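Structural characterization, general
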Amino acid sequence: MTPMKILFNFLCFYFLALQLNAQIPEGKSVISSLYIYTLETGKAELVLKEKRHFEAPNWSHDGQFLLINASGILEKVSIKGEKLGVLPTGDIKNANNDHGYSFDGKTLFISSSLPSIKGGSSLIFKVASEGGSPIRLTDNTPSYWHGVSPDGKTIVYCAERGGNYDVYAMSSDGGAETRLTDAEGLDDGPEYSPDGKYIYMNSFRSGKMQIWRMRPDGSKPEQVTFDNYSNWFAHISPNSKQAIIISYIEDQGQQHPFGKQVKLRLVNLEDKTIKDLTEPFFGGQGTINVPSWSPDGKKFAFVKYALEDKK
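What counts, and at which threshold
Residues numbered from 1 in each chain as written. Predicted model: local features only at pLDDT ≥ 70, side-chain atom pairs only at ≥ 80, totals over all residues. Heavy atoms only, no water. Helix = DSSP H or I, 4+ residues; strand = E, 2+ residues; numbered from the N terminus. Polar contact = N/O pair within 3.5 Å; in protein donor to acceptor, adjacent residues only side chain to side chain. Contact = heavy atoms within 4.5 Å. Buried < 20%, exposed > 50% of the residue type's maximum accessible area, 1.4 Å probe, protein only.

1. Considerations on the side chain of Asp188
Inspection of the secondary structure assignment puts Asp188 in strand β15 (residues 187-192). Reaching out from Asp188, the side chain makes a polar contact with the side chain of His146 at a distance of 3.3 Å. Non-local contacts of Asp188, meaning those with residues more than four positions away in its chain, are made with His146, Cys158, Val167, Met201, Asn202, Trp232, Phe233 and His256.

So this is what it looks like as structure tokens:
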């Protein structure tokens, strides 16, 4: 390995350590637990528990493994908890928790900072699902991927431009970006429904973080949730009829921090009724930031956290 490559890798891990350590109380370390929840039984099965921080599980298109982010590296874990190794992503070694597959399973989209960009801010890349050399899609930063259209032609993402975070769209081959929202406050977590009818997102436009949806061109915004929780990251089931959301028990304003009491809930997208799936647990940032439904729509993956004293 060349001295330049060694320096590059060091800077990647340095920036990640700064980001995570800012959220962890002094003298504490993280325990991460990966779960698979089965809708039919209403039970969550623990598949992997480790004394380190990992986050943001995706489910592979063939249903055989989960893809998690650990210290900026994407790792594969079987649905039984077997560690299957690292997904090769070239020089991208500083991925954040916004990544996921195209509907056909052929492409993986990754959000990652680069040490060469001041402040380590996020850009969007794509790579073949089996890994390889990523292609950079966004010119402007910060940009955080969250969804791709069912036909694979368009990505949607959260980006800060001119002091406000909004939802943007772009060809999945790169190019000019199109702004889809312009409300004051944060619009984040955009995700297409598999039927292509809507883009779901969480928005602070009402003065509280709630789930909204709009047409793919940004028109006809419509509020979906109306309660007292801070609701984030609507992940739409394969049949487009329901969504998993993460709800902070206490109002977090426009933030979605790590290490708070949260619960996962199921939203009926036809009548907007909501059902609790879990009791409150220690989680938040990293628990379920990205699409994590199984291909058959019967299960989804998420992460719980715990803290322990450093030894």
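2. Section: unusual backbone geometry
In this model, Thr141 is joined to Pro142 through a cis peptide bond whose omega is 0 degrees. Note that Pro142 resides in the loop between β10 (135-136) and β11 (143-148). A positive phi is found at Lys220, a non-glycine position, where the angle reads about 55 degrees. Inspection of the secondary structure puts Lys220 in the loop between β17 (210-214) and β18 (222-223). One non-glycine residue, Lys272, lies in the positive phi region at around 70 degrees.

3. Quick look at the side chain of Asn69
Structurally, Asn69 can be placed in strand β4 (residues 65-70). According to the relative accessible area criterion, Asn69 is buried, its value standing at 1%. Here the side chain of Asn69 touches Gly72 through a polar contact of 3.1 Å, landing on its backbone nitrogen. Within the structure, the side chain of Asn69 is placed 3.1 Å from the backbone oxygen of Ala95, a separation counted as a polar contact. Excluding its chain neighbours within four sequence positions, the residues that come into contact with Asn69 are Phe54, Glu55, Ala56, Leu74, Ala95, Asn96, Asn97 and His99.

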